[in-house]
Amino acid sequence: MPIYEEKLISPLAVRFTQEHIKTLFRDGRIVEHTVEEIKTSTGDGGYDAILEAPFPDIEIIRFSGGAAERHWFTLDNRRLYCLQRAAAKLWPLRVAVKVQILYADPG
């Protein structure tokens with residue numbers, strides 16, 4: 001099994017790992033301005049539109065909170081914020097973004 005896998009997923013299905021985010025990225029870009037830089041392309045795989053962001057793909061992990069609860073989470077909170085804002089603007093379209101799903105290394 002690979003350490004990660006690329007997949008299309010709705011950014012609205014991913015949860016934050018922090019309650020707050022900084023307003024700037026490390027490179028000095030303003031988070032709110034970056035939302036406007038996100039482009040869309042024709043949908044694929046059951047999605048109406050695919051987001052194309054000006055930053056690297058977010059990395060997500062699946063975490064089990066209980067017997068039946070399994071959710072996607074990311075440490076890339078500022079990028080997720082931008083992607084969720086862009087997806088919300090396209091509502092009611094089904095929107096996806098390419099993500100990197102991280103797996104635990106069993107070795």
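The preceding data block contains the structure.
Residues numbered from 1 in each chain as written. Predicted model: local features only at pLDDT ≥ 70, side-chain atom pairs only at ≥ 80, totals over all residues. Heavy atoms only, no water.

S.K.: Any chance you could break down the environment of cysteine 82 for me, citing the residues and the numbers?
M.R.: Its location among the elements puts cysteine 82 in helix α2 (residues 77-89). Along the primary structure cysteine 82 and threonine 34 are separated by 48 residues, whereas in three dimensions their C-alpha atoms are 6.9 Å apart. (Helix = DSSP H or I, 4+ residues; strand = E, 2+ residues; numbered from the N terminus.)

S.K.: Any chance you could break down the environment of isoleucine 30 for me, citing the residues and the numbers?
M.R.: In this fold, isoleucine 30 is placed in the loop between β2 (14-15) and α1 (31-37). Discounting residues that sit within four places of it in the chain, isoleucine 30 has contacts with Thr23 and Leu24. (Contact = heavy atoms within 4.5 Å.)

S.K.: Which residues make up the nonpolar core, and what values do they have?
M.R.: Ranked by size, the top nonpolar core spans 21 residues in total, and within it Ile38, Leu51, Ile60, Cys82, Leu83 and Val99 carry the most contacts. Put simply, the parts of the chain that give this core at least two residues each are α1, β4 (49-52), β5 (58-64), α2 and β7 (95-102). Residue contributions to this core peak at five residues, all from α2. Ignoring any residue separated from it by four or fewer positions in sequence, one finds cysteine 82 in contact with Phe25, Val31, Thr34, Val35, Ile38 and Phe55. (Core = buried A, V, L, I, M, F, W, Y, C linked by side-chain atoms within 4.5 Å. Buried < 20%, exposed > 50% of the residue type's maximum accessible area, 1.4 Å probe, protein only.)

S.K.: Run through the pattern of salt bridges, naming residues and quoting values.
M.R.: The final tally for this structure, using the stated rule, is six salt bridges. Across the salt bridge formed by lysine 98 and glutamate 6, the nearest N and O atoms sit 4.0 Å from each other. Remark: glutamate 6 occurs in strand β1 (residues 4-9) and lysine 98 occurs in strand β7; sequence separation between them is 92 residues. Sharing partners across several salt bridges, the network here consists of Glu6, Asp57 and Lys98. (Salt bridge = Lys/Arg side-chain N within 4 Å of Asp/Glu carboxyl O.)

S.K.: I'd like a rundown of the packing of aromatic side chains, residues and numbers included.
M.R.: For the structure on display, the rule yields one aromatic pair. Ring centres of phenylalanine 25 and phenylalanine 55 lie 6.0 Å apart, and the angle between their planes is 35 degrees; this geometry places the pair in the tilted category. With phenylalanine 25 in the loop between β2 and α1 and phenylalanine 55 in the loop between β4 and β5, this pair connects stretches of sequence that are 30 residues apart. Neither phenylalanine 25 nor phenylalanine 55 differs from the other in exposure class; each is buried. The ring of tryptophan 72 has arginine 62 lying over it, and the distance from NZ or CZ to the ring centre is 4.2 Å. Taking the ring centre of tyrosine 47 as reference, the NZ or CZ of arginine 94 above it sits at 5.0 Å. (Phe/Tyr/Trp six-rings, centres within 6.5 Å; stacked < 30°, edge-to-face > 60°. Lys NZ or Arg CZ within 6 Å of the ring centre and 35° of its normal.)

S.K.: Now, about α2: what can you tell me, with residues and values included?
M.R.: The end-to-end C-alpha distance of α2, which contains 13 residues, comes to 18 Å, matching closely the 18 Å that a straight helix rising 1.5 Å per residue would cover. All buried positions along α2 are accounted for by Asn77, Arg79, Leu80, Cys82, Leu83, Gln84, Ala86 and Ala87. (Expected span 1.5 Å × (residues − 1).)

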